[in-house]
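Each chain, letter by letter, is given below.
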Amino acid sequence: MRKTIKRRSNCPIAFSLEVVGDSWTLLIIRDIVFAGKRTFGEFLASDEKIARNILASRLARLEELGLITKKPHPTDGRKDLYELTDAGLDFIPVLLELSAWGAKYEPETAEAAAWLREVRIDKDRLIQLIRDTVKNGGSVFAGPDNVMDRLKAR
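One structure accompanies this document, and this report is about it. (Residues numbered from 1 in each chain as written. Predicted model: local features only at pLDDT ≥ 70, side-chain atom pairs only at ≥ 80, totals over all residues. Heavy atoms only, no water.)

### A short note on the environment of Phe 43
Rule in force here: For helices the rule is a DSSP run of H or I covering at least 4 residues; for strands it is a run of E covering at least 2, with both sets numbered from the N terminus onward.
Relative to the helices and strands, Phe 43 is located in helix H3 (residues 40-44). For the pair Phe 43 and Ile 32, spaced 11 residues apart in sequence, the C-alpha separation works out to 8.7 Å.

### Describing the side chain of Ser 46
Cut-off, in case you're wondering: Classification of residues uses two cut-offs on accessible area relative to the type maximum, computed with a 1.4 Å probe and protein chains only: under 20% is buried, over 50% is exposed, and between them is partly exposed. Pairs of N or O atoms within 3.5 Å make up the polar contacts considered here, provided that, within protein, one atom can donate a hydrogen while the other can accept it, and that residues adjacent in sequence are counted only when both atoms are side-chain atoms.
With respect to the helices, strands and loops of the structure, Ser 46 is situated in the loop between H3 and helix H4 (52-64). Since its relative accessible area comes to 4%, Ser 46 is described here as buried. Side-chain polar atoms of Ser 46 contact the side chain of Asp 31, separated by 2.4 Å.

### A few points about the environment of Leu 26
Worth spelling out the cut-off: By definition, residues are in contact when any of their heavy atoms lie within 4.5 Å.
With respect to the element layout, Leu 26 can be found in helix H2 (residues 23-35). Note: C-alpha distance between Leu 26 and Val 94 (68 residues apart in sequence) is 9.7 Å. Not counting chain neighbours up to four residues away, the residues in contact with Leu 26 comprise Val 20, Phe 91, Leu 95 and Leu 98.

### Quick notes on the side chain of Lys 37
Operational definition: Counted charges follow a simple rule, with Lys and Arg positive, Asp and Glu negative, and His plus the chain ends left uncounted. Within this document, salt bridges are pairs made up of a side-chain nitrogen of Lys or Arg and a carboxyl oxygen of Asp or Glu, the two lying within 4 Å of each other.
For Lys 37, the position within the fold is in the loop between H2 and H3. In this structure Lys 37 is buried but unpaired, with Asp 31 as the nearest side chain of opposite charge at 4.1 Å. Filtering out sequence-adjacent residues up to four positions away, Lys 37 remains in contact with Asp 31, Ile 32, Glu 42, Phe 43, Ala 45 and Ser 46.

Right, here's the structure in full:
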């Protein structure tokens, strides 16, 4: 069920920040898109070391807002799988722009130069490729048939 956000104004930027205005929320979406993470344990193992209670809170909020869905893991009944909804997938261009900006202004970030070059190619095609890959359970950097491997093969 989608939760209604109490808005401070009718500004679309303010609304967007009400939905994903904290870093943990965007990092969870990033982990799904770029690293193929799908379970609580995988999110917990991220480099940023999110606390269990904060992770649980952000996952519940993302689900409540309709950005992710939670379903039982097909082979391990103790786990749930989290996937982006269409609304969550629509954050891919935002993540790409944040990635490009971060790579431009902090060259020490991992694979900054290579990723920045890829982001500069036909963005609409890249966004669609990432969207389709993530929707099918893949990611940008991790796992078989990831976006980066597909781009290198062309």
